[in-house]
Amino acid sequence: MRFFVRWLCIALAVALAVWIVPGIGIHNESNMWWTLIVVAAILALVNATVGLVLKVLSLPLIILTLGLFGVVVNALMLKFAAWLSNGIFGTGFYVDGFWPAVWASIIISIVSAFLWAILGPSDNRNASSRR
């Protein structure tokens, strides 16, 4: 259940980023929700694998820049997820350049964290129901 709630949070965050940030979008608007679901799944998988490795390898640079290089890594992962989703599924999701990827990754990070805080299962709620 947690996986599907997290997936929904990422899909809604990507939808908001597509709506707000010029330079990212979906070419085929008729399959917009399918595209968002596929992109959210690919983005989650990319961040869990390649993104994690890149963040570990660039940890000194992330610390040196007080976390700002983490935004760059997230932007690169968003561009990579867009490339994969187009290459594998032909979704039509695109990211036109580095700066739209940076702004979109910031929006996706903030919105998905906010939605996860609201919708996601909390350990406190689970602990209180066990007593």
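Structure's up top.
The structure displayed is predicted, hence computed values, not measured ones. (Residues numbered from 1 in each chain as written. Predicted model: local features only at pLDDT ≥ 70, side-chain atom pairs only at ≥ 80, totals over all residues. Heavy atoms only, no water.)

Quick look at the overall build of the chain
On a plain count of helices and strands, the chain comes out with six helices and two strands. Taken from the N to the C terminus, the helices and strands of the chain come in the order α-β-α-α-α-β-α-α. A compact globule built from 131 residues would reach a C-alpha radius of gyration of about 14 Å, and the chain, at 16 Å, matches this within 12%. With the principal axes as the frame, the chain shows a C-alpha extent of 50 × 40 × 25 Å. Here the chain, with 131 residues, has 38% of them falling under the buried criterion. Partitioning the intrachain contacts of the chain with sequence separation of at least 6 by distance along the chain shows that 74% fall at a separation of at least 24. By element, 73% of the accessible surface of the chain is carried by carbon and sulfur atoms, the whole surface being about 8,100 Å². (Helix = DSSP H or I, 4+ residues; strand = E, 2+ residues; numbered from the N terminus. Rg over C-alpha atoms; globule rule 2.2 N^0.38 Å. Buried < 20%, exposed > 50% of the residue type's maximum accessible area, 1.4 Å probe, protein only. Contact = heavy atoms within 4.5 Å. Areas by Shrake-Rupley, 256 points an atom, 1.4 Å probe, with all protein chains shown as cover.)

Side note on the packing of helix α2 (residues 32-57) against helix α4 (residues 68-89)
The description of two helices packed together rests on the angle between their axes and the distance between the axes. At a minimum axis separation of 9 Å, α2 and α4 run at an interaxial angle of 135 degrees. Taken together, the axis directions place α2 and α4 in an arrangement best described as oblique. For the pair α2 and α4, the sense of crossing is right-handed. Residues V38, V39, I42, L43, V46, N47, V50, G51, L54 and K55 of α2 lie in contact with α4, whose contacting residues are V73, N74, M77, L78, F80, A81, L84, S85 and F89. (Axes fitted to C-alpha atoms, helices over the stretch in contact; angles between N-to-C directions. Parallel < 35°, antiparallel > 145°, perpendicular 65-115°, else oblique. Left-handed = near helix turned anticlockwise from the far one by under 90°.)

A closer look at the nonpolar core
Formed by 36 residues in total, the largest nonpolar core has its most connected members in V14, I24, L43, L78, F93, V95 and I108. Among the secondary structure elements, those contributing two or more residues to this core are α1 (2-20), β1 (24-26), α2, α4, β2 (93-95) and α5 (98-119). Among the elements that line this core, the one with the most residues is α1, at nine residues. Once you skip the residues sitting within four places of it in the chain, F93 turns out to touch V14, V18, G25, I26, T35, V39, L78, A82, S85 and N86. (Core = buried A, V, L, I, M, F, W, Y, C linked by side-chain atoms within 4.5 Å.)

Remarks on α4
Along its 22 residues, α4 runs 32 Å from first to last C-alpha, staying within 8% of the 32 Å computed at 1.5 Å per residue. Listed in full, the buried residues belonging to α4 are G70, V73, N74, A75, M77, L78, A81, A82, L84 and S85. The elements touched by buried residues of α4 are α2, α3 (59-64), β2 and α5. Just downstream of α4 lies G90, where phi reads positive at about 60 degrees. (Expected span 1.5 Å × (residues − 1).)

Quick look at the side chain of S112
Mapping S112 onto the fold places it in helix α5. S112 sits in the buried class, given a relative accessible area of 11%. Polar contacts involving the side chain of S112 include one to the main-chain carbonyl oxygen of S109, which spans 3.4 Å. When residues no more than four places from it in sequence are discounted, the contact partners of S112 are R6, C9, I10 and A13. (Polar contact = N/O pair within 3.5 Å; in protein donor to acceptor, adjacent residues only side chain to side chain.)

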